[in-house]
Amino acid sequence: MTLIQPYRISILTLLLLFSLADISVGQIADSSRHFLAADLTRINAETESFTAEDLQKFREAGISILLVGPETSLPPNEQLMGFNLILNSGNAYSTVLQIESYLSAFTQSLKQNIENFQQNYPDKLAAVEVFRFPNDLDPDFFRFSSGVTDSIRTFTDLPLFYSTATDSLHRESGPFTYIAEIAPAGPNADYDFSSFLHFYPSGNLRVTMQSLDQLLTVQNEPENSVIAFPAGWLRTAIHSVTDLDDVLRYYTRGERIPMPLPANTAERPAANWSVLILLLLWISVLLHMRFQPVYGQSLPRYFFHHPFYVIDVMEQRVRNSIPGLIVLVQHAVITALFIYVGSDILISDIGLNALQHQIPEIFLFNNQLLSLSITAFFIALTAQGISVIWIYFLNKELTNISQALNLYSWPLHVNLLIVTILVVLSQVGITGTWIAILAILFAITWFMSFNMAAMDAAKFLKARVLYLILTLGIHVLLVMALVWFVFYTPWVFEPLQMAFSFR
């Protein structure tokens, strides 16, 4: 995470406004450059109410800024002494296509919200967060967002900024006053100074406190800066971590005192679901061989004596459909496991949030990775069923659907080896390049299973060319069309781009 020098200069506009507003008792002009903020927006899932006691605790911890959204419930203005407000527009995880389409309605809604806040909380509103985690990797983002900022500036002169979840290296602020960045907590967290940061805690309180201690040290420079915390987490942390409020308060004065670290608690190791499911898959293969002798005989024949295996299938000497059905179910589980492991490594929590925001239909449960895996399972099962029926109905020499099933399903065993490699490498550390290679091999195996089955079934037809055109030919065209659709359809590509690029 690297700071862009123009951000440090432009953010002074915002901080000068803060210096003119109420400052908490005990702060002096020279020690007010390190601001802390509590994020009460719905984007951080902070929809519960905050009491006057909570706000007092925030004041005592040196919090002087509240990030609020149109939906945030705030106490009367007289109870906000010592706080400034930053208004979040409520717009999160936007694609460029969405920004282009809702320009007029969005600006009108934001204008109304700004007027309401300025009327209810006069002289409190210090800036506007126009976007939270938009797709700013799209080259058209700043071009279309210029229309948004130009419209907003016709009715307010407040500083306008947006928060990025991507690497902001060498990025200009464009039409915005500045760009806010993120600082996720983690065991290997590495921070650089930035003028405005959103701190995101991890699930481990001790690791979070260690990361926060490192962040405060990095940010403790003689330059203006803001660190924003999720308000719900901050409220809990202040109550559970002794003297955390003192650490934060002294930080706002430019002083550093030791961070109180919670004791290491002996936690029961979490279940490694990917390894467990992989073991169950291999056990199911062994049990399949044990209780279905035909399966154990057919598997090596398909790969090492392929022509003879095809003849046996076409002459219905291999007619049992149960092994093929079991393999299809196994491959659907294999697909779900590949998606689970790959997504867990490649997609950050914010990336998953962006994907869920854009495509909520595929997220059936609170566990986002589980939702993606189950969706992949049913998509794989459906696609495999369509493939078997497609091969069967167009070939009059196939008199039993088990023939198409057995020709199609056996090549899919290769993907069990591929997902095994993925799971093993994920336990010792794997790069995105290796995942991409394995994903390509996985897709090629699945793609070729249909094509090889179609070619095997065509060998016994007189109208072989027509059958291959109606199966293999159309299949290749459909896959090519699908790839083109994904990469050249903005409402599909942009959510995927955001998911894989957000930190």
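Structure report, in brief.

Conventions adopted
Residues numbered from 1 in each chain as written. Predicted model: local features only at pLDDT ≥ 70, side-chain atom pairs only at ≥ 80, totals over all residues. Heavy atoms only, no water. Helix = DSSP H or I, 4+ residues; strand = E, 2+ residues; numbered from the N terminus. Buried < 20%, exposed > 50% of the residue type's maximum accessible area, 1.4 Å probe, protein only. Polar contact = N/O pair within 3.5 Å; in protein donor to acceptor, adjacent residues only side chain to side chain. 1 Å grid on protein atoms, 1.4 Å probe; cavity = no way out; pocket = protein on both sides within 12 Å on 5 of 7 lines; lining within 4 Å. Points joined across faces, edges and corners; volume = space filled by probe spheres on them. Nonpolar A, V, L, I, M, F, W, Y, C, P; charged D, E, K, R; others polar. Salt bridge = Lys/Arg side-chain N within 4 Å of Asp/Glu carboxyl O. Core = buried A, V, L, I, M, F, W, Y, C linked by side-chain atoms within 4.5 Å. Contact = heavy atoms within 4.5 Å. Pairing = 2+ DSSP bridges. Axes fitted to C-alpha atoms, helices over the stretch in contact; angles between N-to-C directions. Expected span 1.5 Å × (residues − 1). Arc of directions from axis to C-beta. Phe/Tyr/Trp six-rings, centres within 6.5 Å; stacked < 30°, edge-to-face > 60°. Patch = residues over 30% accessible without salt bridge, like charges linked within 9 Å, V, L, I, M, F, W, Y side chains within 5 Å. Areas by Shrake-Rupley, 256 points an atom, 1.4 Å probe, with all protein chains shown as cover. Parallel < 35°, antiparallel > 145°, perpendicular 65-115°, else oblique.

Tracing the backbone through its elements, the reader meets Ser-194 in the loop between β6 (178-184) and β7 (196-200). On the basis of relative accessible area, Ser-194 is assigned to the buried category, the value being 1%. The sequence separation of Ser-194 and Ser-225 amounts to 31 residues, and the corresponding C-alpha distance is 6.9 Å. Within the structure, the side chain of Ser-194 is placed 3.3 Å from the side chain of Glu-181, a separation counted as a polar contact.

Glancing now at empty space enclosed by the protein. Rolled over the atoms, a probe as big as a water molecule pinpoints where empty space is left. Inspection of every chain in the model, using the stated rule, returns one cavity of 30 Å³ or more. Surrounding the largest cavity, Leu-281, Val-285, Val-327, Gln-330, His-331, Ile-334, Leu-412, His-413 and Leu-416 form its lining. Those elements that place two or more of their residues in the lining of the largest cavity are α10 (273-291) and α13 (322-346). In terms of residues, the lining of the largest cavity owes the most to one element, α13, which gives four residues. Tallied by class, residues from the lining of the largest cavity come to six nonpolar, three polar and no charged.

What follows deals with the pattern of salt bridges. Counted under the stated rule, the structure contains ten salt bridges. Measuring nitrogen to oxygen at the nearest pair gives 2.9 Å for the salt bridge that ties Arg-235 to Asp-54. Of this pair, Arg-235 sits in helix α8 (residues 231-240) while Asp-54 sits in helix α3 (residues 52-60), placing them 181 residues apart in sequence. Residue classification places Asp-54 among the buried residues on the basis of a relative accessible area of 8%. Taking the shortest distance from any N to any O, the salt bridge between Asp-140 and Arg-143 comes out at 3.3 Å. Note on Asp-140: relative accessible area 30%, which makes it partly exposed. Within this structure, Arg-301, Asp-312, Glu-315 and Arg-317 form a network of salt bridges that share partners.

In terms of nonpolar packing, the biggest core is built from 57 residues, with Phe-58, Leu-66 and Leu-212 touching the most fellow members. A per-element tally of this core places α8 first, with five residues. In this structure, Leu-212 is in contact with Phe-199, Phe-229, Trp-233, Leu-244, Leu-248 and Met-259, ignoring residues within four places of it in sequence. With 43 residues, the next largest nonpolar core counts Leu-278, Leu-299, Leu-398 and Leu-461 among its residues.

It is worth spelling out the sheet that holds strand β8 (residues 225-230) at this point. The strands that make up a sheet are held in pairs by hydrogen bonds between backbone atoms, and each pair lies either parallel or antiparallel. Here eight strands make up a closed barrel; going around it, the order is β1-β2-β3-β4-β5-β6-β7-β8 and the pairing parallel. For this sheet, the mean angle separating the axes of adjacent strands, direction not counted, is 30°. Direction of pairing for strand β5 (residues 160-163) relative to β6: parallel, over a ladder of three bridges. Bridge pairing in β6 links Phe-161 to Tyr-178. Sheet contacts for helix α6 (residues 141-152): β4 (125-132), β5 and β6; angle to β4, the most-contacted strand, approximately 150°. Contacts from α8 reach β1 (34-39), β2 (63-68), β7 and β8, with the element oriented near 85° to β8.

Over its 18 residues, helix α5 (residues 103-120) runs 26 Å from end to end, which matches the ideal 26 Å to within 8%, given 1.5 Å per residue. Along α5, the positions that sit buried rather than exposed are Phe-106, Thr-107, Leu-110, Asn-113, Ile-114 and Phe-117. One side of α5 carries all its buried residues, which in axial view fall inside an arc of 125°. For α5, the exposed residues set more than 90 degrees away from the buried face come down to Ser-104, Ala-105 and Gln-119. Lining the buried residues of α5 we find β2, β3 (84-88), β4 and α6.

A separate point is the packing of aromatic side chains. In total, this model carries 31 aromatic pairs according to the counting rule given. Here the aromatic rings of Phe-117 and Tyr-121 are separated by 5.9 Å at their centres, their planes lie at 35°, and the arrangement is tilted. Both residues of the pair, Phe-117 and Tyr-121, belong to the buried class. On the numbers, 5.2 Å between centres and 35° between planes, the contact of Phe-161 with Phe-196 is tilted. Of this pair, Phe-161 sits in strand β5 while Phe-196 sits in strand β7, placing them 35 residues apart in sequence. For the pair Phe-161 and Phe-196, one class covers both residues: buried. Here the aromatic cluster, defined as three or more aromatic residues joined through ring pairs, consists of Tyr-102, Phe-106, Phe-131, Phe-141, Phe-142, Tyr-162 and Phe-176.

Next up on the list: a nonpolar patch on the surface. Together, Leu-97, Leu-482, Val-483, Trp-484, Phe-485, Phe-487, Tyr-488 and Trp-491 make up a nonpolar patch on the protein surface, roughly 920 Å² of accessible area in all. Broken down by element, the residue count for the nonpolar patch peaks at six residues, all from helix α19 (residues 464-488). Its location among the elements puts Trp-484 in helix α19.

Before going further, it helps to spend a moment on the packing of α19 against helix α20 (residues 490-501). Running from amino to carboxyl end, α19 crosses α20 at an angle of 70°, the nearest separation of the two axes being 5 Å. Judged by the inter-axis angle, α19 sits roughly perpendicular to α20. Contact residues: α19 offers Phe-485, Val-486, Phe-487 and Tyr-488, while α20 offers Pro-490, Trp-491, Val-492, Phe-493 and Leu-496. The residue inventory of the contact of α19 with α20, partitioned by class, reads nine nonpolar, no polar and no charged.

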